[in-house]
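Close look at the chain arrangement
Each chain, letter by letter, is given below.
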Amino acid sequence: DALALYNTAILSPGEEVEILAGTAACHLLAREYGAAVDFAQRALAVDPRNAEALSIKAEAQLKRRDFVSALEAVNRWMVVAPGDGHVQYVAAKALLGLGRLGEARDACDRAIELAPAHLPAMMLRRQIDRSIRGARAAAGKARPVPIDLPEHLRPLRELLVRGHTAEAIAALEQPPYAGDESAKLLRADLLAFTEQLDAALDAYQAIGGLFGNVGQAH
């Protein structure tokens, strides 16, 4: 209903940013992340320093797992909202997705310092600590790599051997693997391995069956 109202609005000078950012927010809440990014970008074309549009763009890119673009938007958002703890929390999530654990931990610390009651930041900080402990425990050891990949997934093995897990996950999200159950399970396992637990849970739930249920329990 809110989108229908926004769609009837006239983008007159002085009001277009508010309308475009509001439309972007509706799309974000409706989980239509591509549209959210598009409308946020239109708002930013008018006002590059609009904090609402920058926040929506960052959060939508994060949901799309485009961590590089999300971090770029977050960096711009920080400039206009330097005292906002939530900005640092979103930065920490983007950095975690990129595997930059130390920087993600520091961003989480800044989020908690700026917003001591920010519960998601506290929970994310614990998740990052677990990831760092796991990385330290694995130091000097070969990263666990599936050696029994199906034939059609073996081109990804080189990425896994080199430790480029984020790139492997991104590859598995491309159209060629959209209907491939083996690819879906490998992606879910890699998300769990990299401690991206919310995304892993969603992936296992979508798979269902025995493997999906075991993954959810893990």
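Remember, predicted model here, so these are calculated numbers, not experimental data.

1. Regarding the overall build of the protein chain
When helices and strands are tallied, the protein chain shows 13 helices and zero strands. Helices (α) and strands (β) of the protein chain occur, in sequence order from the N terminus, as α-α-α-α-α-α-α-α-α-α-α-α-α. Considering only contacts within the protein chain whose residues lie at least 6 apart along the sequence, 45% involve residues at least 24 apart. In the protein chain, which carries 24 positive and 28 negative side-chain charges, the distance between the mean positions of the two groups comes to 7 Å.

2. Quick look at the confidence of the model for the protein chain
For the protein chain, per-residue confidence averages 85 on the pLDDT scale, and residues scoring 70 or more make up 93% of the total. Every residue in residues 141-147 is under pLDDT 50, and counting partners more than four places away or in other chains gives 12 contacts.

3. As for the pattern of salt bridges
Per the counting criterion, the structure on display carries eight salt bridges. Among the ionic pairs, aspartate 106 bridges to arginine 105, the shortest N-O distance being 3.9 Å. Relative accessible area serves as the criterion here: at 36%, aspartate 106 is assigned to the partly exposed category. Taking the relative accessible area as the measure of exposure, arginine 105 reaches 25% and is therefore partly exposed. Taken together, the salt bridges that share partners define one network made up of Arg65, Glu173 and Arg187.

4. A few points about the side chain of histidine 118
Inspection of the secondary structure puts histidine 118 in the loop between α7 (101-114) and α8 (119-137). The class of histidine 118 is buried, set by a relative accessible area of 13%. Here histidine 118 is in contact with His86 and Tyr89, once residues within four sequence places are set aside.

Parameters at a glance
- Every chain's residues receive numbers from 1 upward, in the order its sequence appears when written.
- Local features in a predicted model are, by the rule used here, given only for residues with pLDDT of at least 70; side-chain atom pairs are given and counted only at 80 or more, and totals for whole chains, interfaces and linings are based on all residues.
- No hydrogens and no water enter the side-chain calculation; it runs on all heavy atoms of the structure.
- Secondary structure elements are taken from DSSP: a helix is a run of H or I of four residues or more, a strand is a run of E of two residues or more, and numbering for both begins at the N terminus.
- In this description, contact between two residues means that some pair of their heavy atoms is separated by no more than 4.5 Å.
- For the purpose of charge, His is not counted, nor are the chain termini; Lys and Arg are scored as positive and Asp and Glu as negative.
- A single reference atom marks each charge: NZ on Lys, CZ on Arg, CG on Asp, CD on Glu.
- Summary of the metric used: pLDDT quantifies the predictor's per-residue confidence within the range 0 to 100.
- The rule for a salt bridge is simple: a side-chain nitrogen of Lys or Arg has to be within 4 Å of a carboxyl oxygen of Asp or Glu.
- Buried means the residue's accessible area, taken with a 1.4 Å probe over protein chains only, is under 20% of the maximum for its type, while exposed means over 50%, and partly exposed covers the values in between.

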